[in-house]
Each structure stands twice: as structure tokens, then as C-alpha cells.
Amino acid sequence: MTHSPPSSGQATDAAPATTTVPDGADRPAASPAPLGPVRSWLAVAAVGLGVFAFTTTEMVPIGLLPAMSRDLHVSEGTVGLSVTLYGAIAGLFAPVLTVATRRVDRRLLLLLVLVVFVAGNAFTALSSSYTVLMVSRLLTGFAHGVMWSIAASIAIRLVPPDRAVRATAVVFSGISIASVVGVPLGTFIGGLSGWRAAFWVIAGAGVAILAAAAFLLPTLAPRAVVRRAELPRLLRDGNLRIATLVTAAMVVGHFAAYTYVAPFLEQDAGIPSDWVSALLLLYGVAGVAGNFAGGAAAARALRATTLTCILLLAAAVIALVVNGRWHPGTVVLLLVWGIAYTALPVCLQTLVFASAPQAPEAATSLYICAFNISIALGALIGGWFVDASGPSAVMFLGAGFSMLAALLMTRYRVARPDQP
């Protein structure tokens, strides 16, 4: 499957087209019914809230591990697998499930995914054993992979083409806001009323988001129907292959370092332990700003913005080690890290759209697969380095992978010579 890539300065939704499917039927891509500007952006916000809810439910067990461990009579490490396997399932099955649902109206698919989300969190809250917990988490993990694959492609169909990157930024702001608001709030509710109450509240939020999406979203016929056999062919495109490799290197590097940022701050930067949670909250707040700033910059100069964010992240991580125990410097550099990293999902998703406009959801599913597997790989490699050489060593490791991502990014081709 070959194509001429569009300008990489903005996200490009696939033009109405047809793709031959196994039974030989061609399906034209229909445009959604026109929406007013207010309703369009409210619909985009509803999709972003869906991303917020999924990200919250993925990560909230981290703050509830002790309570869940005691109640289910297993170790905290065993409960922690409910986070690790959730992410792995979401990543590994995203391409398969995206292809399997290729003929389903995207509005209907989003609603079905949210129904599974609500059911999965309700089953988690009702879990009578660790086995039931894991089944419910894996069920939600399957839905998570589909949600990530379709969320941005739905959002950019709801707004004019020149607002596509901004819509992508709104959707991905759900990730940052979940870190700042969702996970801490879920942890607070769990401490106040028990860990099960936290999942009941998340399920209730899912019902509200489901209702909003059902009311606001128009019918969205599937676009660019892709067969399973075509997924490997997508990676023959040089730009999509580079975008996927950049994502993998960047995410491995970030999570190798960030997973162990707390021990680094305490042991090597000399930050008092009771400051760490506040600093990580500031990191998350800076991330929300970085998400929108990155989206605005990517709309003008995608490759340059992506490369700048990668290099800025690498520089901030190295500078944290060099900075030593000067606390004001540590705070500033941590905020720079937060801004640089959280701008990258918007940039990387836009790279994927620009690289495969004829199959945006299938390409996104490959991106999500690389992203989620790289999270687990980064945390694993980082753990080896921390155990062997300490927290500062893992910071250099993260910076090294970031530099590899920057080198790969220089190979990304732009469509026009006037693009950066």
C-alpha cells in the first residue's frame, strides 16, 4: 500500500475513499452530518473525556495497591500486574481489534467501547477474588486498545481540517488531566471509602461520558477499511515506520527514567520525601500546558516541533543529574521534562496520521501497540539499571533512548521542501 505523504505540518484525515475488503465490497467513506461549531467541540471534548476515563482506570490501582492487596489476600506486586497486563493487552490487541471492527460505525463503536468500560469497572468493584479482578481488568484492557486507536481519528472528523491538530490535542489532554486529577482523586476516594468505591465512581463517570457521546456525536461511517493482512504492509511506508520507531525509542526512554523518578528525586537530588508528590503534581500540571502548546506548534511545523520536544526532554533529564542537589534547578528541569514529554503524544499521533492518511485507524493501532509495549519495556530496562547502578544511571539511559529517537526523527521525510 503506497501513497504520497501529505504535508507533515498538520494532521490529515483520510479523504473519502474505498478499499477492497475480503468479500469484494467497496465501502465509500461517508462524511458525518454537519455539526455547529459548539456541538463539534463538545463532541471532541466527550471523546477526550473518554480518554481521561480510560487513562484513570488504567493507572488508579497504583494508588490503591495496599488496600487491594489486603482485601484480595495477594501481594502488592501481584496486584500490580493488573496495571502491567492491562497495558500489555491494550497494546498487543489494538491492531487486531481495530481491524476486526473495521466495518462498524465509529460512533457506535465508541459507544460499545464505553459500555465495556462501564461494565469492566463495575466488575472490578464487585471482584470477590484476584481472578475476578484480573478478568475484569483484561476485559477493560481490550476496550482500552480500541479506544486509543479510534479516539483521535474520530475527533478530527468532527472539526474542520485546519483544526485537526487542535482536536487531537484536546483528546490527548485527557491523558495529562488523568494524571493530575483522575488518579489522585481516585486514590483519595479509595482512601476515604475503600478501593471498590473508587471503581464505582469511575464506572459512574463512564455512564455520564457514554450519555454525552451518544447525544453529541453524529453517525460516523468507517473510513479506509483495512484487512488484517495489510497491517504489515503499512509499515513498508518509510514515514510510518520511522514514526513507529521514534515512538518506541521515545517511550522506552521516558518510562525507563520516569518510572524511577521518585527514588532519583529523594536519593540523588536530595528532595525531601514529602515534597515528591507535590513535585509530580506540578509535573502533571505542566504536562497539560505542554499538551496544548505542543499541539499548536505541531500544526505549524510538525517535524521541527517533534524533534525539539525530544531534544528538550533529553536535555532536561541529563541536566537533572548534572544539577545535583540544587532544588530550584530540580523543580524547573522537572517542569521542562513534563512540558516536553506531554507535547509528544500529540506530535507522534499527528506524525502517524500524516504518514498513513489512507488508513488512519489501522496506523494508529500500530502506534498504540508500539506505545504500550514500550511502556512495559522501558520500566523493565529501567529497573535493571536502577538495581545495577542507581537512579542517576537510569536518567542517562532515558536520555540515550531519547537521543536515538531524535536521530530517527531526522530521517522523517516531509512532503514539501518548504516544510521544516
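Residues numbered from 1 in each chain as written. Predicted model: local features only at pLDDT ≥ 70, side-chain atom pairs only at ≥ 80, totals over all residues. Heavy atoms only, no water.

> Even after reading the chapter, I still don't get the packing of helix α10 (residues 261–268) against helix α15 (residues 391–409), so can you show me in this structure?
A pair of packed helices is captured by two measures, namely the crossing angle of their axes and the spacing between those axes. In the contact formed by α10 and α15, the axes pass within 9 Å of each other and the chain directions differ by 130 degrees. As judged from the angle between their axes, α10 and α15 are oblique. Crossing geometry of α10 relative to α15 is assigned as left-handed. Of α15, the residues touching α10 (which contributes V261, P263, F264, Q267 and D268) are P391, S392 and M395. (Axes fitted to C-alpha atoms, helices over the stretch in contact; angles between N-to-C directions. Helix = DSSP H or I, 4+ residues; strand = E, 2+ residues; numbered from the N terminus. Parallel < 35°, antiparallel > 145°, perpendicular 65-115°, else oblique. Left-handed = near helix turned anticlockwise from the far one by under 90°. Contact = heavy atoms within 4.5 Å.)

> Could you clarify how one ought to interpret the environment of D162 in this entry?
Locating D162 in the fold gives a position in the loop between α5 (130–157) and α6 (164–193). There is a polar contact of 3.3 Å between the side chain of D162 and the side chain of R163. (Polar contact = N/O pair within 3.5 Å; in protein donor to acceptor, adjacent residues only side chain to side chain.)

> Where do I start with a nonpolar patch on the surface in this structure?
The grouping of L92, F93, V96, F142 and I373 at the surface amounts to a nonpolar patch, some 380 Å² of accessible area in total. For the nonpolar patch, the element with the highest residue contribution is helix α3 (residues 76–100), accounting for three residues. Checked against the element boundaries, I373 lands in helix α14 (residues 360–389). (Patch = residues over 30% accessible without salt bridge, like charges linked within 9 Å, V, L, I, M, F, W, Y side chains within 5 Å. Areas by Shrake-Rupley, 256 points an atom, 1.4 Å probe, with all protein chains shown as cover. Salt bridge = Lys/Arg side-chain N within 4 Å of Asp/Glu carboxyl O.)

> Honestly, the side chain of T57 in this entry has me stumped. Any pointers?
Considering the arrangement of structural elements, one finds T57 in helix α1 (residues 37–59). For T57, a relative accessible area of 0% puts it in the buried group. Here T57 is in contact with Y86, F117, N121, R137, T140, F199 and I202, once residues within four sequence places are set aside. (Buried < 20%, exposed > 50% of the residue type's maximum accessible area, 1.4 Å probe, protein only.)

> Where do I start with the packing of aromatic side chains in this structure?
Two measures describe an aromatic ring pair: the distance that separates the ring centres and the angle between the ring planes. Counted under the stated rule, the structure contains ten aromatic pairs. On the basis of an interplanar angle of 85 degrees and a centroid distance of 6.0 Å, the ring pair of W195 and F199 is categorised as edge-to-face. Linking W195 with F199, this pair stays in helix α7 (residues 195–216), spanning four residues, or about one helical turn. There is no split in this pair, since W195 and F199 are both buried. When the centroid spacing of 6.2 Å and the interplanar angle of 90 degrees are considered together, the rings of F255 and Y341 count as edge-to-face. You can see F255 sitting in helix α9 (residues 238–258) and its partner Y341 sitting in helix α13 (residues 327–355), a full 86 residues away along the chain. (Phe/Tyr/Trp six-rings, centres within 6.5 Å; stacked < 30°, edge-to-face > 60°.)

> Explanation requested: the packing of α9 against α15 in the structure shown.
It is at 7 Å that the axes of α9 and α15 come closest, and there the two elements cross at 165 degrees. In terms of their interaxial angle, α9 and α15 are classed as roughly antiparallel. The element α9 and its partner α15 pack so that their crossing is left-handed. Seen from α9, the contacting residues are I242, L245, V246, A249, M250, V252, G253, A256 and A257; seen from α15, they are V394, M395, L397, G398, F401, S402, L404, A405, L408 and M409. Tallied by class, the residues present in the contact of α9 with α15 amount to 16 nonpolar, three polar and no charged. (Nonpolar A, V, L, I, M, F, W, Y, C, P; charged D, E, K, R; others polar.)

> Explain the side chain of S127 to me, please; I cannot follow it from the model alone.
Topologically, S127 is positioned in the loop between α4 (106–125) and α5. One polar contact links the side chain of S127 to the main-chain carbonyl oxygen of F123, over a distance of 3.0 Å. Among the polar contacts made by the side chain of S127, one reaches the main-chain carbonyl oxygen of T124 at a distance of 2.9 Å.

> Help me out: how do you make sense of unusual backbone geometry in this one?
Both trends apply: most residues other than glycine have a negative phi, and most peptide bonds are in trans. Of note, H73 is a non-glycine position whose phi angle comes to about 60 degrees, a positive value. By the secondary structure assignment, H73 is in the loop between α2 (61–72) and α3.

> Help me understand the pattern of salt bridges, please; the structure alone is not making it clear to me.
Close approach of charged atoms lets side chains of opposite charge pair. Following the criterion strictly, the structure yields two salt bridges and no others. Close ionic contact of D162 with R163 constitutes a salt bridge, the shortest N to O distance being 3.3 Å. Take D162: its relative accessible area is 54%, and that puts it in the exposed class. Taking relative accessible area as the criterion, R163 reaches 32% and is therefore assigned partly exposed.

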